[in-house]
Amino acid sequence: MYPKLLKRLVLLVLCGLLAFIGYRAVRSQPAVCGALNADCQVVEKDKMMNHKQEENVNITHFGTQEKSEIYLAAGCFWGTEAYFKLVPGVLDTEVGYANGASDQTSYHELAQTGHAETLKITYDAYKLHLAELLERYYRIIDPFSVNRQGNDIGTQYRTGIYYTDEASRAIAQKSLANFEDLQDRKTAIELEPLEHFVKAEDYHQDYLDKNPGGYCHINVQTALDPLFPGKDLASDAELEKTLDPTAYKVARQHGTEAPFSSPLDQEFGPGIYVDKATGQPLFSSADKFDGGCGWPSFTMPITTDVINYYQDTSYGMTRTEVRAKNTNHLGHVFEDGPKDDGALRYCINGAILRFVPLEDMKAEGYGVLIPFVAENTR
């Protein structure tokens, strides 16, 4: 308790001192969000429009890694594998046969052994929610079809979610129950512990990479479509009218709110945080923590496709800027977050966020994201 309080007091004193010094030279100077040892650097207002940012940054090597696995049956596994290989955070894939009567089978014996064509997915749980993988899974299957997907018919083409640990079971159960609630009917998707997984023959592995013209009932490229895009971004002129001044400066002029000024910094109720300008979901309460820096802090975005990353070399610092896909500036990401949760700290301006409580999510059209708010979403 006391170290955290002391850190906040030091930050506040430092910010006040720098602001006082800056006031003597330049009036109305905002603070710039930085690393914990450089949080309150004072900059001139007119320099905000000359924000330096360079090429898109790949953050897959940032922080630490937590390998998890899930097994998904979605019909023909050729397309299923090609589809999920495009999802950021997926580390490895392997096609095989699961949940049959024995621990031995082959492609030509599936009808006899009762196995389903299944994709094993190994993913980084510090970068990718299992809830996101399952949401992407629902989008490529006919969830009500029994023993058939596309033109493929037989028990080997049934749909199923197969887990190897209790945490994955709990997440998958909540996800599937929420999906069926939104569909208002029961699906044909199996939810079972993994049994008798047999790796498929070598020629099946990465099949569509080796045979680009091969049959696939899945449109693989839909993996690149945004899951929850939000509405189109309005013009700057319109945003200046609809957003409050701080939110507009943050989003469109790369500004930074004063530390500890946002009530969302200490909001820890269940729910999601959406872009105030577009309504696009950006973060979940399940990934929020008290960073002690004065800005809302998160360990990861709600999905892998809502953030763009840029190297930011403005104001004599090298940082990684995070922006919404619609180009709104949000803040920065640092590698000083909780070590047991990936070690990343997304330092985000609360002014551009709107908090949607869990109890309001369905009514506001965010019901599909309820599984992302569960206490354990990975």
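Residues numbered from 1 in each chain as written. Predicted model: local features only at pLDDT ≥ 70, side-chain atom pairs only at ≥ 80, totals over all residues. Heavy atoms only, no water.

Engineer: I tried to follow the pattern of salt bridges on my own but got confused; where do I start?
Structural biologist: Note on pairing: side chains with opposite charge can pair once their charged atoms come close. A complete count under the given rule lists 17 salt bridges for this structure. Residue K85 is joined to D209 by a salt bridge in which the shortest nitrogen-to-oxygen separation is 2.4 Å. With K85 in the loop between α2 (77–84) and β5 (90–98) and D209 in helix α6 (residues 207–210), this residue pair connects regions lying 124 residues apart in the sequence. Owing to a relative accessible area of 35%, K85 belongs among the partly exposed residues under this scheme. In this structure, the salt-bridge partner of E166 is R169, at a minimum N-O distance of 2.5 Å. With a gap of 3 residues between them, E166 and R169 both fall in helix α5 (residues 166–183), about one helical turn apart. Taken together, the shared-partner salt bridges connect K85, D206 and D209 into one network. (Salt bridge = Lys/Arg side-chain N within 4 Å of Asp/Glu carboxyl O. Helix = DSSP H or I, 4+ residues; strand = E, 2+ residues; numbered from the N terminus. Buried < 20%, exposed > 50% of the residue type's maximum accessible area, 1.4 Å probe, protein only.)

Engineer: Hey, could you run me through the sheet that holds strand β20 (residues 353–357) in this one?
Structural biologist: Sheet strands line up and pair through hydrogen bonds in the backbone, either parallel or antiparallel. Spatial ordering of the open sheet is given by β13-β12-β20, a layout of 3 strands whose pairing is antiparallel. Of all strands in the sheet, those bounded by a partner on one side alone are β13 (281–284) and β20. Sheet twist, expressed as the mean angle between neighbouring strand axes with direction ignored, is 30°. Pairing of strand β12 (residues 271–275) with β20 involves 5 bridges; the strand directions are antiparallel. The partner of V274 across the bridge, within β20, is R354. (Pairing = 2+ DSSP bridges. Axes fitted to C-alpha atoms, helices over the stretch in contact; angles between N-to-C directions.)

Engineer: Looking at this structure, I do not really get the side chain of S284. What am I missing?
Structural biologist: Among the structural elements, S284 can be located in strand β13. Overall, the relative accessible area of 0% leaves S284 in the buried class. Those residues in contact with S284 that lie beyond four places of it in its chain are G271, I272, Y273, F298, I302, F372 and V373. (Contact = heavy atoms within 4.5 Å.)

Engineer: Explain the packing of aromatic side chains here, please?
Structural biologist: One pair of aromatic rings is described through two measures. These are the centre distance and the angle between the planes. Under the criterion given, the structure shown has 12 aromatic pairs. Relative to F197, the ring of Y71 lies with its centre 5.0 Å away and its plane at 65°, an arrangement referred to as edge-to-face. Pair noted here: Y71 is in strand β4 (residues 67–74) and F197 is in the loop between β10 (190–193) and β11 (198–199), with a separation of 126 residues, a long-range link. The class of Y71 is buried, set by a relative accessible area of 4%. A residue is classified by how much of its surface remains accessible, and F197, at 23% relative accessible area, is partly exposed. Aromatic rings pair up to connect Y273, F283, F298, Y309, Y346 and F355 into one cluster. (Phe/Tyr/Trp six-rings, centres within 6.5 Å; stacked < 30°, edge-to-face > 60°.)

Engineer: Any chance you could explain the nonpolar core here in plain terms?
Structural biologist: When a protein is soluble and globular, its nonpolar side chains tend to lie buried together. Counting residues in each nonpolar core, the largest one holds 40 residues, and the members touching the most others are I70, F84, I121, L133, Y137 and I161. Elements that contribute at least two residues to this core include exactly β4, α2, β5, β6 (116–124), α4 (130–138), β9 (159–163), α5 and α6. If we ignore the near neighbours within four places in the chain, the residues touching I161 are I70, Y71, L72, L134, Y137, Y138, A172, I189, E190, L191 and E192. Grouped together as the second largest cluster of nonpolar side chains are 28 residues, F62, F298, I348 and F355 included. (Core = buried A, V, L, I, M, F, W, Y, C linked by side-chain atoms within 4.5 Å.)

Engineer: Just checking my understanding: could you explain the sheet that holds β4 for this structure?
Structural biologist: What the 6 strands build is an open sheet, ordered β10-β9-β4-β6-β5-β11; its pairing is mixed. Only two strands of the sheet have a single partner each, and these edge strands are β10 and β11. Pairing of β5 with β6, which is carried by 8 bridges, proceeds in the antiparallel orientation. Residue pairing across strands places V95 opposite L119, the latter belonging to β6. Where α2 meets the sheet, its contacts fall on β4, β5 and β6, and the angle it forms with β5 comes to roughly 165°.

Engineer: I'm lost on α4 in this one. Help?
Structural biologist: One full turn of an α-helix is made of 3.6 residues, so residues set three or four places apart face in the same direction. Burial analysis of α4 places 9 of its 9 residues in the buried class, which makes it a mostly covered element. Within α4 the residues assigned to the buried category are L130, A131, E132, L133, L134, E135, R136, Y137 and Y138. Residues of α4 that are buried in the fold lie against β4, α2, β5, β6, β9 and α5.

Engineer: Explain the environment of A324 to me, please; I cannot follow it from the model alone.
Structural biologist: As for its placement among the helices and strands, A324 is situated in strand β17 (residues 319–324). For the pair A324 and I307, spaced 17 residues apart in sequence, the C-alpha to C-alpha distance is 4.8 Å. Those residues in contact with A324 that sit more than four places away from it in its chain are D275, Q280, L282, V306 and L330.

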